[in-house]
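Working through the structure, step by step
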Amino acid sequence: MSDLDTKARELDSADELAPLRDRFVLDETVYLDGNSLGALPVNVPDRIADVVRRQWGELRIRSWEESGWWTAPERIGDRIAPLVGAAPGQIVVGDSTSVNVFKALVAAVRMARTDGGVRTGGGAGADGGVRTDGGTGGTRDRDEILVDATTFPTDGYIARSAARMTGCTLRPVTPAEVPGALSARTAAVLLNHVDYRTGRLHDLPSLTASVHAAGAYAVWDLCHSAGALPVGLDEHGVGLAVGCTYKYLNGGPGSPAYLYVRRELQDRFDSPLPGWNSHAEPFGMRPDFEPASGAQRGRVGTPDILSMLALEAALEVWDGVPVEAVRAKSLALTDFFLECVGAYVPDGRVTSLTPVSHGERGSQVALRCADAGEVMKRLIERGVVGDFRHPDVLRFGFTPLYVGFADVERAARVLAEVLR
Ligand SMILES: Cc1ncc(COP(=O)(O)O)c(C=O)c1O
């Protein structure tokens, strides 16, 4: 037995989160792709069977009330809230991340433009329709959106469209360049908390503060941080954030995303997608739109109940699990993986893109490698599942709820064998 093998066993036996693995359906595979699709929690299949057979099959329409379908988006939002450091009433679940990026970004531009302006109407209305500039430092001249130049592509595409719709210029900048790029023209900034390729963790507290100091709004994409590390949305004054639930929150393929709107901003959140579900009186069937208050304002249409209730069941795996403990284990796992890769993999075959500093590291390790696509195929054939990101990145995600240190050692050992 190698030293690292022994170390893995010791780390596993000291790991207080190790028993959580039993809450998931897993096999002998080393699953390091939970940053793409989280594993299936054991309680989900029976819950979904109940939702389909009893709630839908027997109760039918009554389930909107009796099974809590109608209120599921806010209820499940409140279940996610402590995982991202939010008090209840600020998160709504529904739609995809892409759609929520759109809602949040357009709403951010609208809010930036109405700040300081004289509001002439009550509540939110069509863009430009609820305020006049009135000579009070009219903020129409906020005509720029900054977008993380390294972002996952969907955010960039949505940002471009949001910019066109709001008459803004889109300016791609790296997160590090954001403070220097902010100006009186900046309306909104779309940022990723953790970079999807490199696993780099960006400084959410300080970037949020800089964006706000410039009079603009930051929209944070939490896809690669929620469920892997503390986010602290309330604590750090974040105004708007979105995230998916199918990665570290294990909600299942295509499970609905979420939208966080800070309580103080909710009355001013002017959604570009007002639907009947975000109406103050959805069943009033009125021709005029009057926005609901609270998190419900972020809804659009009928929620995807089957996916949503699968997510609700999946979130039960978090009962009694502090995010801080998850973060500590995540760092220990990624440290140990880097140590094993350093010891096993022949020199020069891979370069880590993942920051060494804990303060800048998410819960994944990205290794640049020649023929990365082919290498990942061979790893998967040998029972180590990560993923490949174009053009040359091997990506390994470490979900502390179900990945152990022996998995990590085996992954690095198999990688070294494949590379040899
Ligand atoms: C950072 C980031 N944003 C957005 C998405 C995807 O958005 P959607 O949920 O709309 O597919 C991903 C998917 O992996 C992602 O990594």
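Residues numbered from 1 in each chain as written. Predicted model: local features only at pLDDT ≥ 70, side-chain atom pairs only at ≥ 80, totals over all residues. Heavy atoms only, no water.

**Details of the site of the ligand**
Definition in use: Neighbouring residues are identified by heavy atoms, a residue being near a molecule or strand if any of them is within 4 Å of it. What qualifies as a polar contact is a pair of N or O atoms within 3.5 Å, subject to a donor-acceptor requirement within protein and to the restriction that residues adjacent in sequence count only when both atoms come from side chains. Only the protein chains shown count as cover for residues, with accessible areas throughout obtained via the Shrake-Rupley method and a probe of 1.4 Å. The numbering of helices and of strands both runs from the N terminus, where a helix is a DSSP run of H or I of at least 4 residues and a strand a run of E of at least 2. When residue character is reported, Ala, Val, Leu, Ile, Met, Phe, Trp, Tyr, Cys and Pro are called nonpolar, Asp, Glu, Lys and Arg charged, and the others, Gly included, polar.
Close contacts around the ligand come from Ser96, Thr97, Ser98, Phe152, Thr154, Asp155, Asn192, Asp221, Cys223, His224, Tyr246 and Lys247, and that covers them all. Between the ligand and Thr97, the relevant distance is 2.7 Å, taken from an oxygen atom to a side-chain nitrogen or oxygen of the residue. Lys247 places a polar side-chain atom, nitrogen or oxygen, 2.6 Å from an oxygen atom of the ligand. Relative to its free-state accessible area of 400 Å², the ligand is covered by the protein chains to the extent of 84%. Taken together, the elements giving at least two residues each to the shell around the ligand come down to helix 5 (97–114) and helix 6 (153–166). Taken together, the residues that form the shell around the ligand break down as three nonpolar, six polar and three charged.

**With respect to unusual backbone geometry**
Keep this limit in mind: Each residue is assigned to one of three classes by its accessible area relative to the maximum for its type, calculated with a 1.4 Å probe on protein chains only: buried under 20%, partly exposed between the two thresholds, exposed over 50%.
Across the junction of His390 and Pro391, the peptide omega takes the value 0°, indicating a cis bond. Locating Pro391 in the fold gives a position in the loop between strand 14 (387–389) and strand 15 (393–397). Not every positive phi belongs to a glycine, and Asp95 is a case in point at roughly 65°. Here Asp95 lies in the loop between strand 2 (91–93) and helix 5. Given a relative accessible area of 33%, Asp95 falls into the partly exposed group. Although it is not a glycine, Asn250 adopts a positive phi angle of roughly 60°. Mapped onto the elements, Asn250 comes out in the loop between strand 9 (240–243) and strand 10 (258–261). Asn250 gets classed as buried once you look at its relative accessible area, which sits at 2%.

**A few points about the sheet that holds strand 7 (residues 186–192)**
To keep it simple, the criterion reads: Here, a strand pair is defined by DSSP locating no fewer than two bridges between the strands. Lines fitted to C-alpha atoms define the axes here, with helix axes fitted over just the stretch in contact, and angles between the N-to-C directions of these axes take values from 0 to 180 degrees. Contact criterion: two residues are considered in contact whenever any of their non-hydrogen atoms come within 4.5 Å of each other.
Ordered by their spatial adjacency, seven strands build an open sheet running 2-10-9-8-7-5-6, and the pairing between neighbours is mixed. Single-partner strands in this sheet number two, and they are strand 2 and strand 6 (169–173). Going across the sheet, the axis of each strand differs from the next one's by a mean of 20°, ignoring polarity. Sheet strands in contact with helix 4 (residues 72–80) are strand 2 and strand 10, and its direction is about 120° off that of strand 2.

Purely spatial values, then, with no claim about function.
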